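In case you want the letters, here they are:
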Amino acid sequence: MERRNSDMERRCRRLKNGRPGEGPVVYWVSRDQRATDNWALLWAQQEAIIQQKGLLVVFCLIPEYLGATSVHYAFMLNGMAVMREKLAELQIPFVLLEESPHEILPRFLRQIDAHVLVTDFDPLRIKRQWKQQLLKDVVAPVYEVDAHNVIPAWLVSDKKEYAAYTLRPKIQRLLDDYLTELPELRVHPFGLGYSGDFSQLPCRTELGITQQKVLDLIAGEVAGLDAAQLFVNSRLAEYAENRNNPCIDGQSGLSPYLHFGHLSPQRLALLASRSELSGEKIEPFLEELIVRRELSDNFCLYEPQYDAFAGFPEWAQKTLNEHRNDPREYVYSLQDLEAGETHEQLWNACQIDLVRHGKLHGYLRMYWAKKILEWTSDPETAMEYAITLNDRYSLDGRDPNGYTGIAWSIGGVHDRAWRERPVFGKIRYMNEAGCRRKFDVPGYIASVLSK
Ligand SMILES: Cc1cc2nc3c(=O)[nH]c(=O)nc-3n(C[C@H](O)[C@H](O)[C@H](O)COP(=O)(O)OP(=O)(O)OC[C@H]3O[C@@H](n4cnc5c(N)ncnc54)[C@H](O)[C@@H]3O)c2cc1C
């Protein structure tokens, strides 16, 4: 008799009671697009084994998603092909449904008489809206598992945290207990558990697998894990020292894999914490990977206006309002910014870097967003432009980290008040001179323009 794994159970919450069907347990994969190290899929398999049911993984593909471009779709679908192959090795079928989840899933689940629906947790508004609508129409019970945070976001804190220093102790209290080894997904003993014909359903089961690089990266869970191991073995030792210098390859570069769920953050945290390096070398990386990343999920989960002026803390709204009518020395349109055509060479180089390579160094991301505040007519426009450009060009865009990072830069979220100055008010200021003190600005510009 299969016993419930308590480590898995505590990462899961029920969204809806319902009538379990006779068909398979269905995992609707959304944020965590991998077969390996995925708590949501592991929970789905456990449930299927206990109930002696089949297991099916579905993904809902829509043609437009929060401004994603063909580059994002290519990276995602390449990664999904790898996941599908891994699942097939374990006799777990995968289907792709080409419609919005809240529209197609209730119909699809009825057709296959699904036993239960399991999905992964995501704090973004669109995902939560889909789930809300879906819950009205799905007959089967629905569960949600946090496969992205080491400690489930709803459990580590039940409110919007003020800053990293308020979330950190809550994480520290639970971390040893939650940073556990993940079980292995098994060959599924009950197959699909549905005898109907998939060709009668609006879905496709084939995905072309390709090793083609997207923006210099191979997508998918195999490449993601390889990249994580390489980083831990070769660059983690210097991370604390090098991470803030855009001229050095000091960051992990793993955010696209984490964003698309090709890499489990928990696996990455385990790899780092089990390395032979001293705590002093490992802790700064875990601070970013766990505390800062999970703080972003906390912000998006508990602040409905995470991408708007109204989501800024009160002190920040007040000071930005007081400086709303300050004259701006330069005001650029979205097109000027997008083309990297401002008066400042460093900012233009950042924008060109972002457009050409789908990424911008973490330190420069702050600088880049703060200048958008300085060079647009008001903070609302600054938010809109920064989010549009970040989501359009960053391979890791449309992520809670992005919305929170932009709200930090423009709206003081998780930060404190600084010395008052024009336009910014008490929002922390950054300028090119400060960058020159930190790193070789001409060297960075030259390297971007020569690539
Ligand atoms: C204006 C702005 C926009 C940003 N947009 C995005 C975005 O679209 N997508 C995105 O994933 N991150 C975003 N960030 C956060 C951060 O800059 C990136 O996560 C980081 O640069 C990604 O590179 P890396 O994986 O090499 O990071 P590393 O330094 O190697 O860190 C490892 C992981 O820790 C997490 N992390 C690191 N820094 C932060 C941070 N400041 N906040 C939250 N989590 C962090 C990320 O998951 C990252 O992949 C943004 C930050 C700012 C200021």
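One can find the structure itself at the top, above this paragraph.
Computed from a predicted model, the values in this text were never measured in an experiment.

Draft legend 1. Molecular detail of the pattern of salt bridges. Using the criterion set out here, one finds 31 salt bridges in the structure. Put simply, Arg-4 and Glu-47 hold a salt bridge, and the shortest N to O gap is 2.9 Å. One end of the pair, Arg-4, is in the segment before α1 (6–9); the other, Glu-47, is in helix α2 (residues 39–50), with 43 residues separating them in the sequence. A salt bridge links Glu-287 to Arg-168; the shortest N-O distance between them is 2.9 Å. Residue Glu-287 is located in helix α12 (residues 279–302), and its partner Arg-168 is located in helix α7 (residues 164–178); the two are separated by 119 residues in the primary sequence. Among the ionic contacts, a cluster of salt bridges with common partners joins Asp-7, Arg-10, Arg-11 and Asp-177.

Draft legend 2. Highlighting the pairing of strand β5 (residues 117–120). Neither face of β5 is open: one carries Leu-117 and Thr-119, the other Val-118 and Asp-120, and all of them are buried. Strand direction decides the pairing type here: strand β2 (residues 25–28) and β5, joined by three bridges, are parallel. Bridging from a neighbouring strand, Val-26 pairs with Leu-117 of β5. Relative to strand β6 (residues 142–145), β5 runs parallel, the two sharing four bridges.

Draft legend 3. Molecular detail of empty space enclosed by the protein. Per the stated rule, a full pass over the model turns up one cavity of 30 Å³ or more. By volume, the largest cavity is sized at about 340 Å³. Looking at the largest cavity, it is lined by 23 residues, and the ones nearest its centre are Ser-30, Gln-33, Tyr-65, Met-76 and Lys-127. Listing elements by their share of the lining of the largest cavity, those giving two or more residues are β3 (55–60), α3 (70–89) and α5 (125–137). For the lining of the largest cavity, the element with the highest residue contribution is α3, accounting for three residues. Grouping the constituent residues of the lining of the largest cavity by class yields 14 nonpolar, four polar and five charged. When we break the lining of the largest cavity down by domain, the ones giving at least three residues each are domain 1 (6–148) and domain 3 (309–450).

Conventions adopted
Residues numbered from 1 in each chain as written. Predicted model: local features only at pLDDT ≥ 70, side-chain atom pairs only at ≥ 80, totals over all residues. Heavy atoms only, no water. Salt bridge = Lys/Arg side-chain N within 4 Å of Asp/Glu carboxyl O. Helix = DSSP H or I, 4+ residues; strand = E, 2+ residues; numbered from the N terminus. Buried < 20%, exposed > 50% of the residue type's maximum accessible area, 1.4 Å probe, protein only. Pairing = 2+ DSSP bridges. 1 Å grid on protein atoms, 1.4 Å probe; cavity = no way out; pocket = protein on both sides within 12 Å on 5 of 7 lines; lining within 4 Å. Points joined across faces, edges and corners; volume = space filled by probe spheres on them. Nonpolar A, V, L, I, M, F, W, Y, C, P; charged D, E, K, R; others polar. Domains from an automatic or database assignment.

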